[in-house]
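Below are the chains, spelled out letter by letter.
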Amino acid sequence: DAGITQSPRHKVTETGTPVTLRCHQTENHRYMYWYRQDPGHGLRLIHYSYGVKDTDKGEVSDGYSVSRSKTEDFLLTLESATSSQTSVYFCATSPLSVSGYEQFFGPGTRLTVL
Amino acid sequence: DQQVKQNSPSLSVQEGRISILNCDYTNSMFDYFLWYKKYPAEGPTFLISISSIKDKNEDGRFTVFLNKSAKHLSLHIVPSQPGDSAVYFCAASEGGNEKLTFGTGTRLTIIP
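One structure accompanies this document, and this report is about it.

Criteria and thresholds
Residues numbered from 1 in each chain as written. Chains lettered and ligands numbered in written order. Predicted model: local features only at pLDDT ≥ 70, side-chain atom pairs only at ≥ 80, totals over all residues. Heavy atoms only, no water. Helix = DSSP H or I, 4+ residues; strand = E, 2+ residues; numbered from the N terminus. Pairing = 2+ DSSP bridges. Buried < 20%, exposed > 50% of the residue type's maximum accessible area, 1.4 Å probe, protein only. Patch = residues over 30% accessible without salt bridge, like charges linked within 9 Å, V, L, I, M, F, W, Y side chains within 5 Å. Areas by Shrake-Rupley, 256 points an atom, 1.4 Å probe, with all protein chains shown as cover. Salt bridge = Lys/Arg side-chain N within 4 Å of Asp/Glu carboxyl O.

### Side note on unusual backbone geometry
Moving on, step 1. The omega angle of the peptide bond from Ser7 of chain A to Pro8 of chain A is -10 degrees, so this bond is cis rather than trans.
Moving on, step 2. Residues Val78 of chain B and Pro79 of chain B are joined by a peptide bond in cis, for which omega reads -15 degrees.
Moving on, step 3. When you line up the elements, Pro79 of chain B lands in the loop between strand 8 (72-77) and strand 9 (86-94).
Moving on, step 4. Phi angles above zero are rare outside glycine, and Ala41 of chain B is one such case at about 65 degrees.
Moving on, step 5. You can see Ala41 of chain B is positioned in the loop between strand 4 (30-38) and strand 5 (45-51).
Moving on, step 6. Phi is positive for Lys71 of chain B, close to 55 degrees, though the residue is something other than glycine.

Structure, rendered in structure tokens:
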């Protein structure tokens, strides 16, 4: 395992409130990712980071922002949560070596926006 | 536009028989493919991968086959065991790109 933790594991919030999800890794992997999983859509990339303070958008980035001030932490923020952001969010990390492109996933955060 | 497709949302297989999960892709630039397994309330875990320079890769009970001309890959599990019941995702990477594109998943149920 890549030693990835996510907090909180479950959260219920109301529409319009800000929400921050945290991903913490202990493997010193360079790359970190945020995905959301929804029925019928599989895993979709929200944002990713290729180093401290270096981030880029994924497929479904609208309404989300991220920050990475340390190698081990990657934060996902919903500035003003909407019901369409109810989902399960997964963090992943990757060393991205020449031996392969595997990503290692955290346990997930179930977010409900009422 | 779904570049990686898993057209079977679910599959049921008798214990001990072969499970075959399929995945199709449309992007001809994809050159590395992975399979992930996911149990409820857990994150996906890496299962097996294959590079486009190969057409087969084996790891124990799991074998992945790649047909580049058909843009199709499959995962074979032999023999199937109850612990194999999970959702399986295929994923693809393009030219060493740091991003993976995932399929929508297939729920495999192994019947004892």
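### Observations regarding the sheet that holds strand 3 (residues 19-25) of chain B
Either a parallel or an antiparallel arrangement is found when strands of a sheet pair, and the pairing is made through backbone hydrogen bonds.
All names here are of chain B.
Moving on, step 1. An order of 1-3-8-7-6 is seen for the five strands of this open sheet, with the pairing classed as antiparallel. Unpaired on one side and paired on the other, strand 1 (4-5) and strand 6 (56-59) mark the two borders of the sheet.
Moving on, step 2. Here strand 6 runs beside strand 7 (residues 62-67); their pairing, made up of four bridges, is antiparallel. Along strand 7, the bridge assignment pairs Glu58 with Thr63.

### Points about the pairing of strand 4 (residues 31-38) of chain A
All names here are of chain A.
Moving on, step 1. Buried residues dominate strand 4, accounting for seven of its eight residues.
Moving on, step 2. Pairing of strand 4 with strand 9 (residues 87-94) involves seven bridges; the strand directions are antiparallel. Of the residues in strand 9, the one forming a bridge with Trp34 is Cys91.
Moving on, step 3. Sheet analysis places strand 4 next to strand 5 (residues 42-51), joined by seven bridges and oriented antiparallel. Considered in strand 5, the bridge of Tyr33 is made with Tyr48.
Moving on, step 4. Counting the residues between successive antiparallel strands, the hairpin from strand 4 to strand 5 contains three residues, one of them, Gly40, with a positive phi of roughly 80 degrees.

### Quick word on a nonpolar patch on the surface
Moving on, step 1. A cluster of nonpolar residues, Ile18, Ile20 and Val78 of chain B, forms a patch on the protein surface that exposes about 220 Å² of accessible area.
Moving on, step 2. Here Ile18 of chain B lies in the loop between strand 2 (10-14) and strand 3.

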